[in-house]
Protein chains: 2
Amino acid sequence: MKLVPNKFALLAIILAGLSAAQAKDPLPSWNDGAAKKSITDFVAKITTEGSSDLVPREERIATFDNDGTLWCEQPLYFQLLFALDRVRALAPQHPEWRTKEPFASLLKGDVKGALAGGEHAMLKIIMVTHAGMTTAEFEQIVKDWIATAKHPKFKRPYTECVYQPMVELLAYLRANGFKTFIVSGGGIEFMRPWTEKVYGIPPEQVVGSSIKTKYEMRDDKPVLMRLPEMNFIDDKTGKPVGINSHIGRRPIAAFGNSDGDQQMLEWTQAGDGARLMMLVHHDNAVREFAYDAESKIGTFSDALMAEAKKNGWTVISMKDDWKTIFAFER
Amino acid sequence: MKLVPNKFALLAIILAGLSAAQAKDPLPSWNDGAAKKSITDFVAKITTEGSSDLVPREERIATFDNDGTLWCEQPLYFQLLFALDRVRALAPQHPEWRTKEPFASLLKGDVKGALAGGEHAMLKIIMVTHAGMTTAEFEQIVKDWIATAKHPKFKRPYTECVYQPMVELLAYLRANGFKTFIVSGGGIEFMRPWTEKVYGIPPEQVVGSSIKTKYEMRDDKPVLMRLPEMNFIDDKTGKPVGINSHIGRRPIAAFGNSDGDQQMLEWTQAGDGARLMMLVHHDNAVREFAYDAESKIGTFSDALMAEAKKNGWTVISMKDDWKTIFAFER
């Protein structure tokens, strides 16, 4: 009877130690390695009282691309999948689409054919599905879609196709006094209805591309009508412009995954003091998708990889640096 | 010896009571009256746990016009006074201005003549003084001006010409879980360098008019160049558009002082639940300025007054509702 309690006591001590270590790790879905270390080192550096690298709380701004950085972007940008679903839903009201491209191909199920028209075809699809209603109506359409639509590969709601390590990173930065922002090429009004719930990022901290809106009275009630006219494209050189317009401060940390994020990372790095720039590299064909320079969606060109090396930006390998990709894996 | 301690004790009790009452009043520069009561009633209503009017913290958005609502706007918008100072400062580099309107009149000291050209003249003055430099350079120019320039009537820095009752209101709302935003027709980059210090409103919570910017490399460093081209006018019907673009939520409280604020108040009121809409009326010629329907600056038209009555918007009389206008009065 003497050994048993001791064994239990020992086990209890070991377990307590383990759980304390786990509780202490704010990034449990990250493997130990250079990427994880660059994050924790940076945060320690800029939050240590008395350090010359200390950054005041109000200046702790972190910006995140969305497609391919916070959530998946394959086989197509989710917003484009939303638009395709909307074309199908609206088709009965538009008999003329049966003979008009890009809608005709699309309605026959030929997505590739529909998108063969390039940017022009894409813009047509976006405008008929994203304009012509009030902002409140569009918000409801997005909410309904996001609540029901499922990802073609993962068979899960799109909001579950978010990267668990990045969700942990967002929470970790906020716990250290950061304000976290999305700065995405995607539509600002397509993201806002769900980013608070999914990422903890409120609508006022979402920056994105937009179409113009117009204030008018409808049945004596004011509405904002969504017009079929681009207002702002928040991509590439547009990202620093969008950051300046919406945030008015330079981020001290920025996270992206494609050529569209290069200027955001340059802009972040060009400020004074400690900075953190990271790029997610999609190299996990088994658990997600593998693509980079050759992909039309989320292109990570060789030139961007060269910039990353030259500038000391950390490239995150989804294969090696992430223990878990999606929460539903566990 | 018996009465003395009692007297002191009585006095101490009275003083303690007074100071407790003062400490409890979050709006000491407001006279008791309908305006002050409408604020405290509204805040009590939307913050009372269990009440059907309770508004979740994240939805407590309050928007404030700046010129004439948070700070003074006479004898001219302060940003225009800034632009006039800049024209004078830049004149030596522009000999051609000596014969070119609106600059010629301006440099002769004839401000009225310079502005006789209306919006077109104003735009010319704004563009030569607000564009053609980087965002960082412009920020420094604004900081230098705001640190040194003085108001022509009050002989004080412009940042002291802010309304003490409104500064208290901002703090009171924030203490009750509100996020406070500026939504001004003024230039967004003209306000951001000083709003945090003066109003406690950080750059990312400032919405305003803007010119376009362009991302480019200068000596291998990325900069945002300010272009002589309007991007967005955050006034009248533009205010709900700007609110939607920057905040992405409808305010539950909005504060203005002129025709330019009508649509912001309409938009605020059109949401569900308890709402607070207020308009500052400049009726104090002795301590500030008295102007309304006839003024070109900060026009408060009879039509706006009729809208306020019809819609139940509270009109704040600077004469009757404000005990103190500027902190420097005390």
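Data block above holds the structure.
Residues numbered from 1 in each chain as written. Chains lettered and ligands numbered in written order. Predicted model: local features only at pLDDT ≥ 70, side-chain atom pairs only at ≥ 80, totals over all residues. Heavy atoms only, no water.

Asker: With reference to specific residues and values, describe the overall build of chain A.
Answerer: For chain A, the count of helices and strands is 13 helices and seven strands. For the C-alpha atoms alone, the extent of chain A along its principal axes is close to 85 × 50 × 50 Å. The buried share of chain A, reckoned over its 330 residues, is 53%. Of the contacts made within chain A by residues no fewer than 6 positions apart, 65% connect residues no fewer than 24 positions apart. (Helix = DSSP H or I, 4+ residues; strand = E, 2+ residues; numbered from the N terminus. Buried < 20%, exposed > 50% of the residue type's maximum accessible area, 1.4 Å probe, protein only. Contact = heavy atoms within 4.5 Å.)

Asker: Please set out the sheet that holds strand E3 (residues 206-218) of chain A residue by residue, giving values where relevant.
Answerer: All names here are of chain A. In spatial order, the strands read E4-E3-E2-E1-E5-E6-E7; together these seven strands make up an open sheet with mixed pairing. Edge positions in the sheet fall to strand E4 (221-232) and strand E7 (314-317), since each has one partner strand and no second. Across this sheet, the average inter-strand angle for adjacent strands is 35 degrees, counted without regard to direction. Sheet analysis places E3 next to E4, joined by eight bridges and oriented antiparallel. From the neighbouring strand, Arg218 faces E4, where its bridge partner is Lys221. Strands in contact with helix H6 (residues 118-130) are E3 and E4; relative to E4, the strand with the most contacts, it is inclined by about 175 degrees. Lying on the sheet, helix H8 (residues 164-175) is in contact with strand E1 (61-64), strand E2 (179-187), strand E5 (253-256) and strand E6 (276-281); it crosses E1 at an angle near 165 degrees. (Pairing = 2+ DSSP bridges. Axes fitted to C-alpha atoms, helices over the stretch in contact; angles between N-to-C directions.)

Asker: Could you give an account of unusual backbone geometry, with specific residues and numbers?
Answerer: Residue and element names in this part refer to chain A. Across the junction of Gln74 and Pro75, the peptide omega takes the value 5 degrees, indicating a cis bond. One can find Pro75 in the loop between E1 and helix H3 (78-90). In this structure, Asp219 takes a positive phi of about 50 degrees despite not being glycine. Residue placement: Asp219 occurs in the loop between E3 and E4. The exposure class of Asp219 is exposed, given its relative accessible area of 75%.

Asker: Explain the pattern of salt bridges residue by residue, including any values.
Answerer: One pass over the structure, following the stated rule, counts 32 salt bridges over all chains. The partner of Arg218 of chain A in a salt bridge is Glu137 of chain A, with the nearest N and O atoms 2.9 Å apart. One end of the pair, Arg218 of chain A, is in strand E3; the other, Glu137 of chain A, is in helix H7 (residues 135-148), and 81 residues separate them in sequence. Relative accessible area serves as the criterion here: at 35%, Arg218 of chain A is assigned to the partly exposed category. The salt bridge involving Arg192 of chain A is made with Glu189 of chain A; its shortest N-O contact spans 3.9 Å. In this pair, Arg192 of chain A and Glu189 of chain A both sit in helix H9 (residues 188-199), three residues apart, roughly one turn of the helix. A single burial state applies to Arg192 of chain A and to Glu189 of chain A, both of which are buried. By sharing partners, the salt bridges in this structure join Lys179 and Arg249 of chain A together with Glu196 and Glu204 of chain B into a single network. (Salt bridge = Lys/Arg side-chain N within 4 Å of Asp/Glu carboxyl O.)

Asker: Let's hear about the state of the cysteines: which residues, and what values?
Answerer: All names here are of chain A. Applying the stated criterion to the full structure yields zero disulfides over all chains. Looking at Cys161, it has no disulfide partner, and the nearest cysteine sulfur is the one in Cys72, 6.0 Å off. Cys161 gets classed as buried once you look at its relative accessible area, which sits at 0%. (Disulfide = S-S within 2.5 Å.)

Asker: Quick one: what's the story with the relation of the copies chain B and chain A, residue by residue and with numbers?
Answerer: Mapping between the two copies of the chain is achieved by a rotation about an axis and a shift along the axis. For the pair chain B and chain A, the relating rotation is 180 degrees, the translation along its axis is 0.0 Å, and the fit reaches an RMSD of 0.0 Å. The two molecules are tied by a two-fold rotation axis, judged by turn and shift. Closest to the rotation axis within chain B is the C-alpha of His246 of chain B, separated from it by 3.1 Å. The residues that chain B uses at the interface reappear at the interface of chain A in 100% of cases, marking a shared surface. (Least-squares fit on C-alpha atoms with pLDDT ≥ 70 in both.)

Asker: Go over the sheet that holds strand E7 (residues 314-317) of chain B, please, and point to the residues and values.
Answerer: Residue and element names in this part refer to chain B. Ordered in space as E4-E3-E2-E1-E5-E6-E7, the seven strands form an open sheet in which the pairing is mixed. Looking along the sheet, the strands with just one partner apiece sit at the ends: strand E4 (221-232) and E7. Sheet twist, expressed as the mean angle between neighbouring strand axes with direction ignored, is 35 degrees. In the sheet, strand E1 (residues 61-64) pairs with strand E2 (residues 179-187) via four bridges, with the strands oriented parallel. Within the sheet, the bridge partner assigned to Ile61 lies in E2 and is Lys179.

Asker: So, the environment of Asp220 of chain B: which residues are in play, and what are the values?
Answerer: Checked against the element boundaries, Asp220 of chain B lands in the loop between strand E3 (206-218) and E4. Between the alpha carbons of Asp220 of chain B and Leu84 of chain B there is a distance of 34 Å; along the sequence they are 136 residues apart.

Asker: Please provide a residue-by-residue account of the interface of chain B and chain A, values included.
Answerer: Opposite the 33 residues of chain B that make contact, chain A presents 33 residues. Looking at the side of chain B facing chain A, the largest losses of area belong to Glu204, Tyr215 and Asn244 of chain B, adding up to 23% of the total buried there. Across the pair Arg249 of chain B and Glu204 of chain A runs a salt bridge whose closest N-O atoms are separated by 3.1 Å. For the pair chain B and chain A, the interface holds 22 residue pairs in polar contact (both at pLDDT 80 or more). Put simply, the parts of the chain that give the side of chain B that touches chain A at least two residues each are E2, helix H9 (188-199), E3, E4, helix H10 (238-246) and helix H11 (262-269) of chain B. Looking at the side of chain B that touches chain A residue by residue, the classes come out as 15 nonpolar, nine polar and nine charged. (Buried area = accessible area lost by both parts, 1.4 Å probe. Polar contact = N/O pair within 3.5 Å; in protein donor to acceptor, adjacent residues only side chain to side chain. Nonpolar A, V, L, I, M, F, W, Y, C, P; charged D, E, K, R; others polar.)

Asker: Outline the packing of aromatic side chains, listing residues and values.
Answerer: This model, assessed by the stated rule, comprises 41 aromatic pairs over all chains. Aromatic pair Tyr163 of chain B and Phe326 of chain B: ring centres 5.8 Å apart, planes at 35 degrees, arrangement tilted. In this pair, Tyr163 of chain B sits in the loop between helix H7 (135-148) and helix H8 (164-175) while Phe326 of chain B sits in the segment after helix H13 (318-321), placing the two residues 163 residues apart along the sequence. Clustering of aromatic rings is evident, with ring pairs tying together Trp71, Phe78, Phe82, Phe138, Trp145, Tyr158, Phe190, Trp194 and Tyr199 of chain A. Positioned above the aromatic ring of Trp267 of chain B, the side-chain terminus of Arg250 of chain B is 3.8 Å from the ring centre. (Phe/Tyr/Trp six-rings, centres within 6.5 Å; stacked < 30°, edge-to-face > 60°. Lys NZ or Arg CZ within 6 Å of the ring centre and 35° of its normal.)

Asker: Give a detailed account of H7 of chain A, specifying residues and quantitative values.
Answerer: All names here are of chain A. Taking 1.5 Å per residue as the helical rise, H7 with its 14 residues ought to reach 20 Å, and the 20 Å between its terminal C-alpha atoms agrees with that figure. Those residues of H7 lying buried are Thr135, Phe138, Ile141, Val142, Trp145 and Ile146. Each buried residue of H7 sits inside an arc of 125 degrees when the element is viewed along its axis, so together they form one side. Among the exposed residues of H7, those oriented more than 90 degrees off its buried face are Ala147 and Thr148. (Expected span 1.5 Å × (residues − 1). Arc of directions from axis to C-beta.)

None of this, on its own, says anything about what the molecule does.
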